[in-house]
Amino acid sequence: QVWQIRLDLHLLNHDGNITDAASIAGIVALCHFRRPDVAVQGEEVTVYTPEERDPVPLSIHHIPICVSFAFFQQGTYLLVDPSEREECVMDGVLVIAMNKHQEICTIQSSGGIMLVKDQVLRCSKITAVKVAEITELIQKALENDQKVRKEGGKFGFAESIPNQKITAFKMESAAVDTSNVEEQAEEIIAKADPPSEVFAKPILHTPGTAQIGEGIENSWGELEESEKEEAVEEEGESEEAPASDCQKMETEETSTMKETNKDEPIVLSDSEEEEVVILEPQELPRRTR
Amino acid sequence: GRLLCGPGLRRSGTGLLVTKCGLLRHRQAGGAAPASGAYWVDSQQKRYVPVKGDHVIGIVTAKAGDVFKLDVGGSEQASLSYLAFEGATKRNRPNVQVGDLVYGQFLVANKDMEPEMVCIDSHGRSSGMGIIGQDGFLFKVSLGLIRKLLAPKCEIIQELSQLYPFELVLGMNGRIWVKAKTVQQTLIIVNILEACEYMTAEQRRQVLAKFSGN
C-alpha cells in the first residue's frame with residue numbers, strides 16, 4: 001500500500017512565463033502539504049486521523065525551480081523571466097530547472113534557436129543565482145506560515161492577498177441603526193393579517209388517508225421578478241426600508257396575483273436553446289425557453 | 001411589460017438565479033410599466049466565452065482547405081469559411097495568411113459545438129468586418145473595459161481622438177487593435193487604453209493634457 005498524491009494547478013491570471021511561476025507554485029504546495037501519520041507494526045498498518053496525530057510533511061529531498069530565458073535576434077539578446085509581450089516576439093526559449101545545490105535537473109530548449117556552449121553555461125550560472133534567491137524566499141515563507149499557525153494567528157490565501165492595491169476588492173463595514181427596531185416590529189405585527197384558523201381534527205377519508213383542514217390559498221403568492229430585484233437592491237439600506245417594503249409587497253401580492261397567473265413571457269438573452277413552443281389545449285401557445 | 005434577463009441572470013422555475021458576481025443593473029424601457037426593461041449583472045472578467053452575435057478579433061492559426069481556424073481567446077478555436085467574406089466566390093478567394101487578424105462576428109456559439117465566425121452580416125455586406133490591415137498593435141484588456149469603450153459617446157475615445165488620429169478595432173473578446181501614424185504614437189495610445197482600466201476620469205485627463213502639451 002502506498003500513498004498517492006495529486007497536484008492541480010489553476011492559472012488565475014498571468015503576464016507571461018507561466019513555466020517558472022507554475023514550478024514554484026507546485027513545489028511549494030508539495031512542501032507545505034501534510035499527510036496523515038501512519039504507524040506500521042509488522043503486518044498491521046494504522047492510519048491516524050489529523051485529530052489523533054499531527055499530519056506529517058512529505059519527504060521532499062530537494063527543491064527544483066525552473067528559470068526561463070528568452071532569446072532575441074539569433075542569440076544576441078537574452079532576457080531572464082520574460083513577460084507576456086516579450087514572449088510573443090521572442091525567437092526561442094531555454095528553460096533550466098536547478099536546485100540550490102547547483103544541480104541541473106532539467107534543460108529544455110524550444111523555438112529552434114541555435115545555442116553556443118558558453119551561452120548555455122552562462123545561462124546556468126544565472127540560474128544558480130536566481131534559484132538560490134528564490135529558494136531562500138520559499139524557506140522564509142514556509143517558516144513564517146508554520147510559526148503563524150503555531151501561534152494561532154491568521155494564515156492562508158486570504159491573508160496573503162495584498163489589500164492596499166487598487167485591484168483588491170474591499171467591503172467597508174457599515175453600522176446599522178437598530179434603535180427603533182422594536183417599534184417597527186410592533187407596527188408590522190399590529191397591521192398584519194390575523195393568523196389563519198387552525199384545524200385540529202383530521203378528517204379520515206379511508207384508512208391511511210386523512211386530511212387536516214380544507215387547504216388554504218398560498219399566501220406567499222408568486223413573486224414577480226421586479227419585486228424580487230427590489231428586495232435584492234435594498235439589502236444594503238437601513239432597516240426601515242425593508243420593513244415597509246415587506247408591507248408593500250404583501251398588499252401588492254393580492255392585487256397582482258391574478259396578473260401573475262397569466263405570466264408575462266420572460267425573455268432570456270443569453271440562452272442558446274432553441275425556442276420551444278408548448279401548445280396547451282384551450283390556451284394560447286406560450287413561448288418558453 | 002416585457003422583462004429582459006441579461007448576462008449574469010438565469011431563470012429557474014418561477015424565479016431568477018444570479019450566476020455571476022457583480023453589480024445588478026436595471027434599464028427602464030422607454031418609461032413603460034415598472035415591471036419592464038432589462039436587468040443584468042455587471043461583472044468583471046478577462047476570460048472570454050463565445051456568444052452568438054458578438055464581434056471579435058481573431059488570429060488565424062491554420063488554413064485547412066476551405067476553412068480557417070481562428071484563435072478567439074475561448075476554449076476552442078473558431079472556424080471561418082473562406083466564402084464568408086464580402087464578394088468572395090470559389091474563384092475569388094480572400095487573401096488570408098496564418099497570423100493575420102480578422103474582425104468578424106459569431107454565427108454559431110454554444111457550449112456543444114465549435115464556434116463559427118463570419119465576416120459578413122445577414123445582408124451579405126461586410127459592414128466593417130474582414131481582415132485587419134498590416135501593422136498596428138494588438139493587445140488584451142478585460143471584458144469590462146471593452147464594454148465601457150463600446151458604450152455610445154465613450155469619453156475615453158473622444159478624448160483620445162483629440163490627441164492623435166488613429167484607427168481602432170475593439171473585439172468583445174478583450175482584444176483591441178490600434179494603429180497610429182508612428183510606432184511611438186501607437187504605443188502611447190496602447191498604454192493609455194490599458195491604464196484606463198484603473199484610472200479615474202480626472203487622472204486620464206491629466207495624462208492626456210501632458211501629451212497634448214508636448
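Just so it is clear, the structure is predicted and the values come from calculations on it, not from any experiment. (Residues numbered from 1 in each chain as written. Chains lettered and ligands numbered in written order. Predicted model: local features only at pLDDT ≥ 70, side-chain atom pairs only at ≥ 80, totals over all residues. Heavy atoms only, no water.)

Our next topic: the overall build of chain A. Within chain A, the secondary structure is distributed over seven helices and 13 strands. Across the 289 residues that make up chain A, the buried fraction comes to 20%. Of the contacts made within chain A by residues no fewer than 6 positions apart, 51% connect residues no fewer than 24 positions apart. Accessible surface, chain A: about 22,700 Å² in total, of which carbon and sulfur atoms supply 54%. (Helix = DSSP H or I, 4+ residues; strand = E, 2+ residues; numbered from the N terminus. Buried < 20%, exposed > 50% of the residue type's maximum accessible area, 1.4 Å probe, protein only. Contact = heavy atoms within 4.5 Å. Areas by Shrake-Rupley, 256 points an atom, 1.4 Å probe, with all protein chains shown as cover.)

A negative phi angle is the norm for most residues apart from glycine, just as the trans form is the norm for most peptide bonds. All names here are of chain A. Here the phi dihedral of aspartate 81 falls at roughly 55 degrees; this positive angle occurs in a residue that is not glycine. Summarising the element assignment, aspartate 81 is placed in the loop between β6 (77–80) and α2 (84–89). Here the phi dihedral of glutamine 102 falls at roughly 60 degrees; this positive angle occurs in a residue that is not glycine. Topologically, glutamine 102 is positioned in the loop between β7 (92–98) and β8 (104–110).

Now for the pairing of β6(A). Regular strands have side chains that alternate between both faces of the sheet. Residues and elements named next belong to chain A. Here strand β5 (residues 65–72) runs beside β6; their pairing, made up of four bridges, is antiparallel. What sits directly across from alanine 70, in β6, is leucine 79. Remark: four residues form the turn of the hairpin made by β5 and β6, two consecutive strands paired antiparallel; glutamine 73 in that turn has positive phi of roughly 55 degrees. (Pairing = 2+ DSSP bridges.)

Residue and element names in this part refer to chain A. With respect to the helices, strands and loops of the structure, alanine 70 is situated in strand β5. Taking the C-alpha atoms as reference, alanine 70 lies 6.4 Å from valine 80; in sequence the two are ten residues apart. Setting aside residues up to four positions removed in sequence, alanine 70 forms contacts with Tyr77, Leu78, Leu79, Pro82, Met90 and Gly92.

Within a pair of aromatic rings, the relevant descriptors are the distance that separates the centres and the angle that separates the planes. Residues and elements named next belong to chain B. This model, assessed by the stated rule, comprises two aromatic pairs over all chains. With 6.4 Å between their ring centres and 20 degrees between their planes, tyrosine 48 and phenylalanine 106 make a pair best called stacked. With tyrosine 48 in the loop between β5 (37–42) and β6 (55–64) and phenylalanine 106 in strand β9 (residues 101–108), this residue pair connects regions lying 58 residues apart in the sequence. Residues phenylalanine 137 and phenylalanine 139 carry aromatic rings whose centres are separated by 6.3 Å and whose planes lie at 40 degrees to one another, so their mutual orientation is tilted. Lying over the aromatic face of tyrosine 82, arginine 93 brings its terminal NZ or CZ to 4.2 Å of the ring centre. (Phe/Tyr/Trp six-rings, centres within 6.5 Å; stacked < 30°, edge-to-face > 60°. Lys NZ or Arg CZ within 6 Å of the ring centre and 35° of its normal.)

Residue and element names in this part refer to chain B. The strand order across the open sheet formed by three strands is β12-β14-β13, and the pairing between neighbours is antiparallel. Taken across any chain shown, the strands that pair with only one partner, and hence form the sheet edges, are β12 (137–140) and β13 (166–170). Across the sheet, the mean angle separating the axes of adjacent strands is 20 degrees when strand polarity is ignored. Note that β13 and strand β14 (residues 175–180) share five bridges and pair antiparallel. The partner of phenylalanine 166 across the bridge, within β14, is alanine 180. Contacting β12, β13 and β14, helix α3 (residues 183–195) crosses the sheet at an angle of about 150 degrees to β14. (Axes fitted to C-alpha atoms, helices over the stretch in contact; angles between N-to-C directions.)

All names here are of chain B. Counting 27 residues, the largest nonpolar core has Ile57, Phe68, Leu80, Phe85, Phe106, Met117 and Ile132 as its most contacted members. For this core, the elements supplying multiple residues, two or more each, are β6, β7 (67–71), β8 (78–81), β9 and β10 (116–118). Examining the composition of this core, we find that four residues originate from one element, β9, more than from any other. Looking at which domains feed residues into this core, each of domain 2 (54–131) and domain 3 (137–212) gives three or more. (Core = buried A, V, L, I, M, F, W, Y, C linked by side-chain atoms within 4.5 Å. Domains from an automatic or database assignment.)

What follows deals with the UniProt feature "domain: Exoribonuclease phosphorolytic" (unreviewed entry) in chain A. Feature annotation in UniProt assigns "domain: Exoribonuclease phosphorolytic" (unreviewed entry) to the following positions: residues 2–36 and 62–126 of chain A. In residues 2–36 of chain A, the share of helix is 43% and the share of strand is 6%. The end C-alpha atoms are 12 Å apart. (UniProt positions renumbered as here; feature names shortened; annotations may be inferred.)

Taken as a whole, this structure holds 15 salt bridges over all chains when the rule is applied. Asp8(A) is the partner of Arg6(A) in a salt bridge, and the nearest nitrogen-oxygen pair spans 2.9 Å. Residue Asp71(B) is joined to Arg175(B) by a salt bridge in which the shortest nitrogen-to-oxygen separation is 3.1 Å. Residue Asp71(B) is found in strand β7, and its partner Arg175(B) is found in strand β14; the two are separated by 104 residues along the sequence. Residue Asp71(B) is classed as partly exposed on the basis of its relative accessible area of 26%. (Salt bridge = Lys/Arg side-chain N within 4 Å of Asp/Glu carboxyl O.)

What follows deals with α3(B). An ideal rise of 1.5 Å per residue puts 18 Å on 13 residues; α3(B) measures up with 18 Å between its terminal C-alpha atoms. All buried positions along α3(B) are accounted for by Gln185(B), Thr186(B), Ile188(B), Ile189(B), Val190(B), Ile192(B) and Leu193(B). (Expected span 1.5 Å × (residues − 1).)

Right, let's get into the sheet that holds β6(A). Residues and elements named next belong to chain A. Read from one edge of the open sheet, four strands run β6-β5-β7-β8, paired in antiparallel fashion. Every other strand in the sheet has two partners, leaving β6 and β8 as the edge strands with one partner each. For this sheet, the mean inter-axis angle between neighbouring strands, taken without regard to orientation, is 20 degrees. In the packing of helix α1 (residues 18–32) onto the sheet, contacts are made with β5 and β7, and the angle to β5 comes to roughly 180 degrees. Against the sheet, helix α3 (residues 117–151) makes contact with β5, β6, β7 and β8, and its axis sits at roughly 140 degrees relative to β5, the strand it touches most.

In this fold, Ser23(A) is placed in helix α1. Setting aside residues no more than four positions away along its own chain, Ser23(A) makes contact with Ile65(A) and Cys66(A).

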